[in-house]
Amino acid sequence: PLGSVTYVCSYKTGTLTENRMRVEGFHVDGRDAATPPGPGGRSVAWNLLLAALALSNDAEPRGDGAEGDPTEVALLLAAARAGVGKRELAVRMPRLAEVAFSSERARMTTIHGDPDGGLVAFTKGAPEQVLPSCRDCGAGDAVDPAAMLAAADDMARRGLRVLAFASRRLERIPEDGRLETIESGMTLLGLVGLIDPPRAEAAEAVALCRSAGIRVVMITGDHPATARAIATRLGIVDEGGRVVSGPELARLDRDAFAAQVESIRVYARVAPEQKIQIVEALQKHGELVAMTGDGVNDAPALRQ
């Protein structure tokens, strides 16, 4: 019975937050920016980044807005506000192939015709997944992974979801069909930070649960610093509270995790199968667990 629940495990996006993403900032050419520069002041990296926002994207323009996944809609609208529209650009740079996003890869790649000849590939995804594929940055300098991860961490600590974008010129699509082989030797274009505001009623709901003795646990695929910022804002953890990442969880054996699970309130960069692991570990302690989520990846944990 619901009245006996002791833990609520909640997916973040769309449940604790509005799932209405908007682009809040950029890190390009080694500098932070709230908005893109005007057309006359854009570097090569800026021009390619805006093209990637519009083209490496499955959302579609609809009237004054766009339709599709909330993250991709936000990226598409950010490009449009900078004067880079998908419809017009797609005519000159049609999509020819793609490597679809998956939670295991945490990135996606699309390949487009290039008006200057040849092809261009755009990759977007989690910084820690995209950066190892990059050889240089938009200015032609070697990529400094530590500096870029520090910039991504800084954005994430402000509660932003951070995506990295990269590109690569190609002569042809790989004949063996192994499209993922193009995700190497890429040029890093920059970072994009998006905000997904917490639901106005979420903090009150968390407080009500806590007053009733129900522990609320947040689970997300976002960066640990983003997860901590949102969880702190909602009252799920105190300032500086512990966040366990999916890779950290994978390194723990089941007994070690079971010994800690009742003290953990926030999980980040979690794989779908780890959601079930969290629920099962709590249940082994005799806890009655409720699970909330709205994505297909949440289904096994919801059933458990």
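Remarks on the pattern of salt bridges
Alright, step 1. Applying the stated rule across the entire model yields 16 salt bridges.
Alright, step 2. Between K12 and D222 there is a salt bridge, with its nearest N and O atoms 3.0 Å apart. Taken as a pair, K12 in helix α1 (residues 12-16) and D222 in the loop between β12 (215-219) and α8 (224-234) lie far apart in primary sequence, 210 residues in all. Each member of the pair, K12 as well as D222, is classed as buried.
Alright, step 3. Here R62 and E67 are joined by a salt bridge, their closest N and O atoms 3.8 Å apart.
Alright, step 4. Three or more residues are tied together by salt bridges with common partners; here these are K12, R161 and D222.

Quick word on the environment of P132
Alright, step 1. As for its position among the elements, P132 is in the loop between α5 (127-130) and β9 (134-137).
Alright, step 2. Residue classification places P132 among the exposed positions, given a relative accessible area of 65%.
Alright, step 3. Expressed as a C-alpha distance, the spacing of P132 and P145, which sit 13 residues apart in the sequence, is 7.8 Å.

Observations concerning the pairing of strand β7 (residues 107-113)
Alright, step 1. A large share of β7 lies buried, amounting to seven of its seven residues.
Alright, step 2. Along β7, one buried face is formed by R107, T109, I111 and G113 and the opposite face, lined by M108, T110 and H112, is buried too.
Alright, step 3. The pairing of β7 with strand β8 (residues 119-125) spans seven bridges and is antiparallel. Looking across to β8, one finds that R107 is bridged to G125.

Considerations on the sheet that holds strand β15 (residues 289-292)
Alright, step 1. Taken in spatial order, the five strands make up an open sheet running β13-β14-β12-β1-β15, and their pairing is parallel. The sheet is open, and its two borders are formed by β13 (244-245) and β15, each paired with just one other strand.
Alright, step 2. For β13 and strand β14 (residues 266-268), the ladder comprises two bridges, and the chain directions are parallel. Pairing of V244 across the sheet is with Y267, part of β14.
Alright, step 3. Contacting β12, β13 and β14, α8 runs over the sheet at an angle of about 150° to β14.

Observations concerning the packing of aromatic side chains
Alright, step 1. Counted by the stated rule, this structure contains two aromatic pairs.
Alright, step 2. Where F257 meets Y267, the ring centres are 6.3 Å apart and the plane angle is 75°; that geometry is what we call edge-to-face. Taken together, the residues span a long stretch of sequence, with F257 in helix α10 (residues 254-260) and Y267 in strand β14 at a distance of ten residues.
Alright, step 3. A relative accessible area of 1% places F257 in the buried class.
Alright, step 4. Under the relative-accessibility criterion, Y267 is labelled buried at 1%.
Alright, step 5. Lying across the ring of Y11, K275 places its NZ or CZ 4.1 Å from the centre.

Some remarks on the packing of helix α2 (residues 44-55) against helix α3 (residues 70-81)
Alright, step 1. Their axes nearest at 8 Å, the elements α2 and α3 cross at an angle of 135°. The angle between α2 and α3 falls in the class oblique. The element α2 and its partner α3 pack so that their crossing is left-handed. Between α2 and α3, the contacting residues are L50, L53 and A54 on the first element and L75, L76, A78 and A79 on the second.

Re the nonpolar core
A general feature of soluble globular proteins is that nonpolar side chains tend to end up buried together.
Alright, step 1. Membership of the largest hydrophobic core comes to 32 residues, with the highest contact counts inside it found for L49, L53, F122, F165 and V192.
Alright, step 2. Within the residue set of this core, elements represented by two or more residues are β2 (22-28), α2, α3, β8, β10 (161-170) and β11 (186-195).
Alright, step 3. Sort the elements by how many residues they give to this core and α2 lands first, with ten residues.
Alright, step 4. Discounting residues that sit within four places of it in the chain, L53 has contacts with F26, L75, L76, A78, A79, F165 and V192.
Alright, step 5. By size, the runner-up hydrophobic cluster in this structure holds 18 residues, among which are V143, M148, V162 and L188.

Examining the layout of surface pockets
Alright, step 1. Space inside the largest pocket adds up to approximately 1300 Å³.
Alright, step 2. Forming the walls of the largest pocket are 50 residues, and the residues nearest its centre are Y11, F101, S103, R161 and G221.
Alright, step 3. Classifying every residue of the lining of the largest pocket by side-chain character gives 19 nonpolar, 15 polar and 16 charged.
Alright, step 4. Forming the boundary of the second largest pocket are V44, N47, L48, A51, V84, L89, R92, M93, D114, P115, D116 and R169.
Alright, step 5. Listed by contribution, the elements that provide at least two residues to the lining of the second largest pocket are α2 and α4 (86-92).
Alright, step 6. The leading source of residues in the lining of the second largest pocket is α2, at four residues.

Cut-off values and rules
Residues numbered from 1 in each chain as written. Predicted model: local features only at pLDDT ≥ 70, side-chain atom pairs only at ≥ 80, totals over all residues. Heavy atoms only, no water. Salt bridge = Lys/Arg side-chain N within 4 Å of Asp/Glu carboxyl O. Helix = DSSP H or I, 4+ residues; strand = E, 2+ residues; numbered from the N terminus. Buried < 20%, exposed > 50% of the residue type's maximum accessible area, 1.4 Å probe, protein only. Pairing = 2+ DSSP bridges. Contact = heavy atoms within 4.5 Å. Axes fitted to C-alpha atoms, helices over the stretch in contact; angles between N-to-C directions. Phe/Tyr/Trp six-rings, centres within 6.5 Å; stacked < 30°, edge-to-face > 60°. Lys NZ or Arg CZ within 6 Å of the ring centre and 35° of its normal. Parallel < 35°, antiparallel > 145°, perpendicular 65-115°, else oblique. Left-handed = near helix turned anticlockwise from the far one by under 90°. Core = buried A, V, L, I, M, F, W, Y, C linked by side-chain atoms within 4.5 Å. 1 Å grid on protein atoms, 1.4 Å probe; cavity = no way out; pocket = protein on both sides within 12 Å on 5 of 7 lines; lining within 4 Å. Points joined across faces, edges and corners; volume = space filled by probe spheres on them. Nonpolar A, V, L, I, M, F, W, Y, C, P; charged D, E, K, R; others polar.

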